[in-house]
Amino acid sequence: MKVTVAQDKCVSSGQCVLNAGGVFDQRDDDGVVILLIENPGPELADDTRRAAAACPALAIDIEE
Amino acid sequence: MTDTLAANEVSADVPEYPMERSARCPFAPPPEVLEMGASAPLSRVRIWDGSTPWLITGYEVARELFADSRVSVDDRRPGFPHWNEMMVSTVNKRPRSVFTSDAEEHTRFRRMLSKPFTFKRVEGLRPKIQQITDDHVDAILAGPQPADVVTALALPVPTLVISEMLGVPYEDHEFFQHHANVGLDRYAKAEDTMTKGMSLAKYLCDLVEAKMVDPAEDAVSDLAERVTAGEIDVKEAAQLGTGLLIAGHETTANMIGIGVLALLENPEQAALLSSTEDPKVIANAVEELMRYLSIIQNGQRRVATDDIEIAGETIRGGEGIIIDLAPANWDANAYPEPDRLDLTRDAGQQLGFGYGRHQCVGQQLARAELQIVFHTLFRRIPTLRLAIPFEEIPFKHDRLAYGVYELPVAW
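Residues numbered from 1 in each chain as written. Chains lettered and ligands numbered in written order. Predicted model: local features only at pLDDT ≥ 70, side-chain atom pairs only at ≥ 80, totals over all residues.

Caption draft 1: View of the overall build of chain A. Helix and strand counts for chain A stand at 2 helices and 4 strands. Secondary structure elements in chain A, listed N-terminal to C-terminal, are β-α-β-β-α-β. On C-alpha atoms alone, chain A measures out to a radius of gyration of 10 Å, which is about the 11 Å that the 2.2 N^0.38 rule sets for 64 residues. Counting only C-alpha atoms, chain A reaches 30 × 20 × 15 Å along its principal axes. Out of the 64 residues in chain A, the part that is buried amounts to 44%. Within chain A, contacts between residues separated by at least 24 positions form 58% of all contacts whose residues are at least 6 apart in sequence. (Helix = DSSP H or I, 4+ residues; strand = E, 2+ residues; numbered from the N terminus. Rg over C-alpha atoms; globule rule 2.2 N^0.38 Å. Buried ≥ 20, exposed ≤ 12 C-beta atoms within 10 Å, placed from the backbone. Contact = placed C-beta atoms within 7 Å.)

Written as structure tokens, this is what we have:
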């Protein structure tokens with residue numbers, strides 16, 4: 001699984017950290033997404049998919 | 001398809017919106033809205049000014065349109081389906097804000113507001129929210145019976161939390177509750193604004209100016225800093241602060257009041273919540289309560305900037321769109337048996353906070369507050385019960401945010 005994020009689209013909802021806190025973080029100043037793990041392992045795959053589905057700005061892209 | 005034909009379609013018998021909820025099912029969306037949703041995910045309605053925007057009732061269509069960049073929140077665009085007369089009369093007086101701007105302008109406003117609401121910042125607030133909640137439950141237990149959940153818990157907890165976060169003195173909380181209530185009147189008249197809606201804005205302007213001189217660690221000081229840096233003016237800062245303040249306590253307060261009632265009416269669900277310490281179970285319980293109750297009534301107002309083909313219909317550029325959260329969250333295709341409160345169903349993708357770029361800025365704070373308040377209340381007072389007959393509970397049919405005016409309980 002390969003994850004990319006579009007910081008320009010991000011609206012700082014925090015949904016990615018809520019669903020997959022090990023894979024995503026937010027910048028302290030404005031809450032914009034930070035990708036921590038580009039290639040999450042199988043143990044994080046479900047959470048990462050949930051995060052992408054929950055992102056209200058469609059800023060998370062997953063290549064399986 | 002010609003314009004004449006489209007106009008003819010609309011002139012048929014279009015139902016009036018908003019509709020009334022049934023007194024027998026006060027948790028459910030209005031029966032007419034559910035019927036419309038059962039036959040199509042979008043259809044025409046007629047609103048107060050005689051215009052006939054699209055009403056979105058289907059879960060998938062709601063999600064798609066919320067995320068579509070051709071769907072605008074700019075209320076100055078012709079065809080925008082305004083809430084009421086007051087909103088039209090102030091449309092050119094209100095500065096642009098996070099609620100009424102699109103694309104890059106919106107992103108700029110949004111990021112100014114996001115700092116205190118990141119997931120981690122809110123996690124850090126949990127001990128404080130727990131303390132405030134425990135203090136209020138202590139006071140309920142020490143006080144006379146019956147107690148009113150609304151005044152003893154639902155209003156003061158979120159008010160204290162948001163006031164602290166924004167840096168607004170708690171002494172002013174009655175002032176805020178009063179003014180927030182006026183702004184949220186579904187049927188507000190044009191003349192209500194000058195005296196009521198505007199005095200809160202004036203207060204916030206003064207507060208921003210005070211924080212420019214004497215800043216502290218709070219959200220209004222963050223906004224004041226942006227003013228000093230020349231990124232926004234005082235009026236814009238005050239408008240953003242007002243939005244946070246109103247959205248930050250009124251909505252959560254209503255969700256607490258009516259959520260407690262829904263749990264009292266479903267004791268096996270309340271027992272599920274009070275008997276667990278698993279944060280995931282508690283978190284999902286709140287998502288399901290949000291899905292079941294979707295307290296933001298009157299719909300999320302939008303206007304199409306271009307033609308949009310969706311679910312076999314064409315929404316024309318310039319046509320109004322109202323996305324109604326409650327029927328979307330009760331769409332049986334997304335949530336089987338939607339009228340059943342089931343805290344164990346996966347409700348993680350519910351639409352109670354909206355979706356798309358304008359999804360609730362304060363959602364992580366609201367989640368933390370609701371998780372702590374519902375769990376703490378039912379864990380500490382497991383014998384909680386209604387102190388008046390269900391039929392006598394006054395519901396907020398007349399507000400933009402649904403809820404209960406009072407909720408007398410005993411234990």
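Here the narrative resumes, following the displayed structure.
Caption draft 2: Inspection of the overall build of chain B at higher detail. A tally of helices and strands in chain B yields 16 helices and 10 strands. For chain B, the C-alpha radius of gyration of 21 Å lies close to 22 Å, the compact-globule estimate for 411 residues. Principal-axis analysis of the C-alpha atoms gives chain B an extent of 70 × 55 × 35 Å. Expressed as a percentage of its 411 residues, the buried residues of chain B come to 47%. Within chain B, counting contacts between residues at least 6 apart in sequence, those at least 24 apart form 72% of the total.

Caption draft 3: Region of interest: the environment of R44 of chain B. Note on placement: R44 of chain B falls in strand 1 (residues 42-44). Distance from R44 of chain B to T344 of chain B, taken between C-alpha atoms, is 35 Å for residues 300 residues apart in sequence.

Caption draft 4: Representation of the interface of chain A and chain B within the structure. Taken residue by residue, the interface counts 17 residues in chain A and 18 residues in chain B. Those elements that provide at least two residues to the side of chain A that touches chain B are helix 1 (15-19) and helix 2 (42-54) of chain A. Ranked by the residues each element gives to the side of chain A that touches chain B, the list is headed by helix 2 of chain A, at 3 residues. Tallied by class, residues from the side of chain A that touches chain B come to 9 nonpolar, 5 polar and 3 charged. (Nonpolar A, V, L, I, M, F, W, Y, C, P; charged D, E, K, R; others polar.)

Caption draft 5: Main features of the packing of helix 14 (residues 279-293) of chain B against helix 16 (residues 363-380) of chain B. Residues and elements named next belong to chain B. Following both chains from N to C, one finds helix 14 and helix 16 inclined at 105°, their axes separated by 9 Å at the closest point. Between helix 14 and helix 16, the crossing angle belongs to the class labelled roughly perpendicular. Between helix 14 and helix 16, the contacting residues are I282, A283, A285 and V286 on the first element and R367, L370, Q371, F374 and H375 on the second. Residues of the contact of helix 14 with helix 16, tallied by class, amount to 6 nonpolar, 2 polar and 1 charged. (Axes fitted to C-alpha atoms, helices over the stretch in contact; angles between N-to-C directions. Parallel < 35°, antiparallel > 145°, perpendicular 65-115°, else oblique.)

Caption draft 6: Quick peek at the sheet that holds strand 2 (residues 54-56) of chain B. All names here are of chain B. Taken in spatial order, the 5 strands line up as 1-2-8-5-3 in an open sheet, and their pairing is mixed. For this open sheet the edge positions go to strand 1 and strand 3 (71-72), each flanked by a neighbour on one side alone. Summarising the sheet, strand 3 and strand 5 (residues 300-304) pair through 2 bridges and their orientation is antiparallel. Counterpart to S72 in the pairing with strand 5 is V303. Lying on the sheet, helix 3 (residues 59-66) is in contact with strand 1, strand 2, strand 3 and strand 8 (320-323); it crosses strand 8 at an angle near 125°. (Pairing = 2+ DSSP bridges.)

Caption draft 7: Here's a closer look at the sheet that holds strand 4 (residues 147-148) of chain B. Residue and element names in this part refer to chain B. With antiparallel pairing, 3 strands are arranged side by side in an open sheet as 4-10-9. If you trace the sheet from one side to the other, it starts and ends with strand 4 and strand 9 (385-386), each paired once. Two strands pair when backbone bridges link them, and strand 9 and strand 10 (residues 408-410) are joined in this way by 2 bridges, in the antiparallel orientation. The partner of L386 across the bridge, within strand 10, is V409.

Caption draft 8: Region of the structure containing the environment of L34 of chain B. Residue and element names in this part refer to chain B. Relative to the helices and strands, L34 is located in helix 2 (residues 31-39). Taking the C-alpha atoms as reference points, L34 and R126, separated by 92 residues in sequence, lie 37 Å from one another. Excluding residues within four positions of it along the chain, L34 makes contact with P29, P327 and W330.

Caption draft 9: Expanded view of the pairing of strand 8 of chain B. Residues and elements named next belong to chain B. With burial as the criterion, each face of strand 8 is covered, one bearing G320 and I322 and the other bearing I321 and I323. Judged from the 3 bridges that link them, strand 2 and strand 8 form a sheet pairing that is parallel. Residue pairing for strand 8: I56 is matched across the bridge by I323. Where strand 5 meets strand 8, 4 bridges bridge the pair, whose relative direction is antiparallel. Within strand 8, the position partnered with R302 by the bridge is I321.

Caption draft 10: Main features of the nonpolar core. Judged by nonpolar contacts, the single largest core of 124 residues is most densely connected at I56, A62, I321 and F374 of chain B. Contact partners of I56 of chain B, with chain neighbours within four places excluded, come to P41, L42, V61, A62, L65, I321, I322, I323, D324 and A328 of chain B. (Core = buried A, V, L, I, M, F, W, Y, C linked by C-beta atoms within 7 Å.)

Caption draft 11: Up close: the environment of Y203 of chain B. All names here are of chain B. Note that Y203 resides in helix 10 (residues 192-213). According to the C-beta neighbour criterion, Y203 is partly exposed, with 19 such atoms within 10 Å. Note: C-alpha distance between Y203 and F175 (28 residues apart in sequence) is 10.0 Å.

Caption draft 12: The packing of helix 11 (residues 219-228) of chain B against helix 12 (residues 234-265) of chain B, seen in detail. All names here are of chain B. The N-to-C vectors of helix 11 and helix 12 enclose an angle of 160°; their axes lie 9 Å apart at closest approach. Put simply, helix 11 runs roughly antiparallel to helix 12. Remark: the crossing between helix 11 and helix 12 carries right-handed chirality. Where helix 11 abuts helix 12, its residues A219, V220, L223, A224, R226 and V227 lie against V234, A237, L240, G241 and L244. Tallied by class, the residues present in the contact of helix 11 with helix 12 amount to 9 nonpolar, 1 polar and 1 charged. (Left-handed = near helix turned anticlockwise from the far one by under 90°.)

Caption draft 13: Expanded view of the pairing of strand 1 (residues 2-5) of chain A. All names here are of chain A. Only one face of strand 1 is buried: it carries V3 and V5, and the other face, with K2 and T4, is open. Sheet topology note: the strand 1/strand 4 (residues 60-63) ladder contains 4 bridges and is antiparallel. The residue of strand 4 that forms the bridge with V3 is I62.

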